Amino acid sequence: MCPGYYPGRVSRQSGVAWWKVAASLVLALGLFAFFLSRVRLSEVLATIGRIDLVWFSVSVALALLSYAVRAVRWGVILAPLGRARTADLLGCTAAGFATSTVLPARAGELVRPLLLAARSGLPPAGAVASILTERLLDLGTILGYFALGVALSHRVSPAATTPLRQAALLTGAGLIVACVFVIVLLRRRDRAVGALARLAPARWRSRAIAFLDHVLDGLEALRSPAGLARLLAWSAFMWVIPALQIVALARAFGVPFDVADAFVFMAVSVIGLALPTPGGVGGFHAAIQFALTRLFGVDLATATGFALLHHAVCFLPITALGLSYIGAVGFSLGRVRELAAPTAEEG
């Protein structure tokens, strides 16, 4: 079920929400201005005007396919909690990414599972926890492909190879620690839940135990070796598709990328999405521009045009589909935002 809507809560949060909006927009505008300040806009537009539209269309199709495969993998992650319809998985995935594009503070990260819980009857806490499983799988897969790309790419600048490998090793070590912690937590589930629940006041312990059980249900897909192997296979397949999308867009610009180059590029560009700006505006653009010019020696005008179109390909089609789904199921952006607000305050 959807979290309840309480006018008092919204009014109490409104000041914080507006500060978050303002900070997010200022950061986005500042980064985007920096991104554009380094190159003449006329050169960028001329470069975009020369792209191969066939390869560009292939890039758009692959981007949409990657979201569809992500939705199917999400269903596999959620299997221990129950079954959700494929149509709802696809629609809620699109709605979540659309919400993150138009609202600040990554609102879609909560909207996506909570909207699915409302549509399918799955437990909300477990659905939210499934996003943590998804992020662990994504990070592990991207790092693995990043290491493979650094080893196989012939276009990466030699001066950048050593720091890139060091970054991959450090992040990989942290990921291994996190995965071991989650697996141990799942295998010692009853003891862990009891220990954590004792930290809560006595009158809240029964609710704390129920909440923790639902959270661990969302991570349950990682518990068995067979389940983990299945999810890793889905993740490996899923992240090949964005790499192929990058290759297709590079071909549209006449940049001779191969899949190994795309793996390196993909890992660096994702760093730009870590910044809390709506739709990754500014941070994603700057990270792409940096990766293409510093790591692959692409000229600045081409790198800037590539960043603009890559962002558009990744965000505009899925946002249009997500907003259409939100309207089709009888929601609005305001109501969708209410899904996340009470949960965020309680967390």
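Residues numbered from 1 in each chain as written. Predicted model: local features only at pLDDT ≥ 70, side-chain atom pairs only at ≥ 80, totals over all residues. Heavy atoms only, no water.

## Brief notes about the overall build of the protein chain
Point 1. Within the protein chain, the regular secondary structure consists of 14 helices and 0 strands.
Point 2. Written out in order from the N terminus, the α and β elements of the protein chain read α-α-α-α-α-α-α-α-α-α-α-α-α-α.
Point 3. Taking as baseline every contact in the protein chain between residues at least 6 positions apart, the subset at least 24 positions apart corresponds to 76%.
Point 4. Only carbon and sulfur atoms are counted for the fraction: they give 68% of the accessible area of the protein chain, which is about 16500 Å². (Helix = DSSP H or I, 4+ residues; strand = E, 2+ residues; numbered from the N terminus. Contact = heavy atoms within 4.5 Å. Areas by Shrake-Rupley, 256 points an atom, 1.4 Å probe, with all protein chains shown as cover.)

## Section: the pattern of salt bridges
Point 1. In total, this model carries 10 salt bridges according to the counting rule given.
Point 2. Notably, a salt bridge pairs Arg-70 with Glu-134, separated by 3.4 Å at the nearest N-O pair. Pair noted here: Arg-70 is in helix α3 (residues 53-78) and Glu-134 is in helix α6 (residues 124-152), with a separation of 64 residues, a long-range link.
Point 3. According to the relative accessible area criterion, Glu-134 is buried, its value standing at 0%. (Salt bridge = Lys/Arg side-chain N within 4 Å of Asp/Glu carboxyl O. Buried < 20%, exposed > 50% of the residue type's maximum accessible area, 1.4 Å probe, protein only.)

## Here's the deal with the layout of surface pockets
Point 1. Estimated volume of the largest pocket: approximately 1100 Å³.
Point 2. If you go around the largest pocket, you meet 43 residues; those closest to its centre are Ile-142, Trp-239, Val-270, Ile-271 and Leu-273.
Point 3. By residue number, the principal contributor to the lining of the largest pocket is helix α11 (residues 259-273), which donates 8 residues.
Point 4. Residue composition of the lining of the largest pocket, by class: 25 nonpolar, 12 polar and 6 charged. (1 Å grid on protein atoms, 1.4 Å probe; cavity = no way out; pocket = protein on both sides within 12 Å on 5 of 7 lines; lining within 4 Å. Points joined across faces, edges and corners; volume = space filled by probe spheres on them. Nonpolar A, V, L, I, M, F, W, Y, C, P; charged D, E, K, R; others polar.)

## As for a nonpolar patch on the surface
Point 1. On the surface, a cluster of nonpolar side chains totalling about 260 Å² of accessible area is made up of Val-54, Trp-55 and Val-58.
Point 2. Structurally, Val-54 is set in helix α3. (Patch = residues over 30% accessible without salt bridge, like charges linked within 9 Å, V, L, I, M, F, W, Y side chains within 5 Å.)

## What to know about the nonpolar core
Point 1. Of all hydrophobic cores here, the largest spans 48 residues; its most connected members are Leu-164, Phe-265 and Phe-306.
Point 2. Mapped by element, the contributors of at least two residues to this core are α3, α6, α7 (158-187), α10 (225-252), α11, α12 (283-295) and α13 (300-328).
Point 3. In terms of residue count, α10 provides more of this core than any other element does, 10 residues in total.
Point 4. Ignoring anything within four residues of it in the chain, the contact list for Phe-265 reads Ile-246, Phe-257, Ile-288, Ala-291, Leu-292, Phe-296, Phe-306 and His-310.
Point 5. Listed in part, the 17 residues of the second largest apolar core include Val-182, Leu-185, Ala-192 and Leu-216. (Core = buried A, V, L, I, M, F, W, Y, C linked by side-chain atoms within 4.5 Å.)

## A word on helix α4 (residues 86-102)
At 3.6 residues per turn, the α-helix brings residues three or four places apart onto the same side.
Point 1. The end-to-end C-alpha distance of α4, which contains 17 residues, comes to 25 Å, matching closely the 24 Å that a straight helix rising 1.5 Å per residue would cover.
Point 2. Every buried residue of α4 is listed here: Asp-88, Leu-89, Gly-91, Cys-92, Thr-93, Ala-94, Ala-95, Gly-96, Ala-98, Thr-99, Ser-100 and Thr-101. (Expected span 1.5 Å × (residues − 1).)

## Considerations on the packing of aromatic side chains
Point 1. The full count for this structure, using the stated rule, is 9 aromatic pairs.
Point 2. Ring pairs connect the aromatic residues Phe-253, Phe-257, Phe-265, Phe-296 and Phe-306, which therefore count as one cluster.
Point 3. Over the ring of Trp-74 we find Arg-112; its NZ or CZ atom is 4.7 Å from the centre of that ring.
Point 4. Across the ring face of Trp-55, the terminal group of Arg-251 is positioned such that the distance to the ring centre comes to 5.9 Å. (Phe/Tyr/Trp six-rings, centres within 6.5 Å; stacked < 30°, edge-to-face > 60°. Lys NZ or Arg CZ within 6 Å of the ring centre and 35° of its normal.)

## Comments concerning the environment of Ala-303
Point 1. For Ala-303, the location among the structural elements is in helix α13.
Point 2. For Ala-303, a relative accessible area of 0% gives the class buried.
Point 3. Sequence separation between Ala-303 and His-285 is 18 residues; the distance between their C-alpha atoms is 9.4 Å.
Point 4. Excluding its chain neighbours within four sequence positions, the residues that come into contact with Ala-303 are Gln-289, Leu-292, Thr-293 and Val-298.

## Notes on the packing of α4 against helix α5 (residues 108-120)
Point 1. Two elements in contact, α4 and α5, have axes separated by 8 Å at closest approach and are oriented at 150°. Judged by the angle between their axes, α4 and α5 are roughly antiparallel. Crossing angle aside, the handedness with which α4 passes α5 is right-handed. Contact residues: Asp-88, Leu-89, Cys-92, Thr-93, Ala-95, Gly-96, Thr-99 and Ser-100 in α4; Gly-108, Glu-109, Val-111, Arg-112, Leu-115, Leu-116 and Arg-119 in α5. (Axes fitted to C-alpha atoms, helices over the stretch in contact; angles between N-to-C directions. Parallel < 35°, antiparallel > 145°, perpendicular 65-115°, else oblique. Left-handed = near helix turned anticlockwise from the far one by under 90°.)

## Looking at the packing of helix α2 (residues 41-49) against α13
Point 1. Relative to each other, α2 and α13 sit at 65°, their axes nearing to 8 Å. Overall, the two elements α2 and α13 adopt an arrangement that is roughly perpendicular. Where α2 crosses over α13, the two elements pack in a sense that is right-handed. Each of Glu-43, Val-44, Thr-47 and Ile-48 in α2 lies in contact with α13, whose residues at this interface are Ala-301, Thr-302, Thr-304, Gly-305, Leu-308 and Leu-309.

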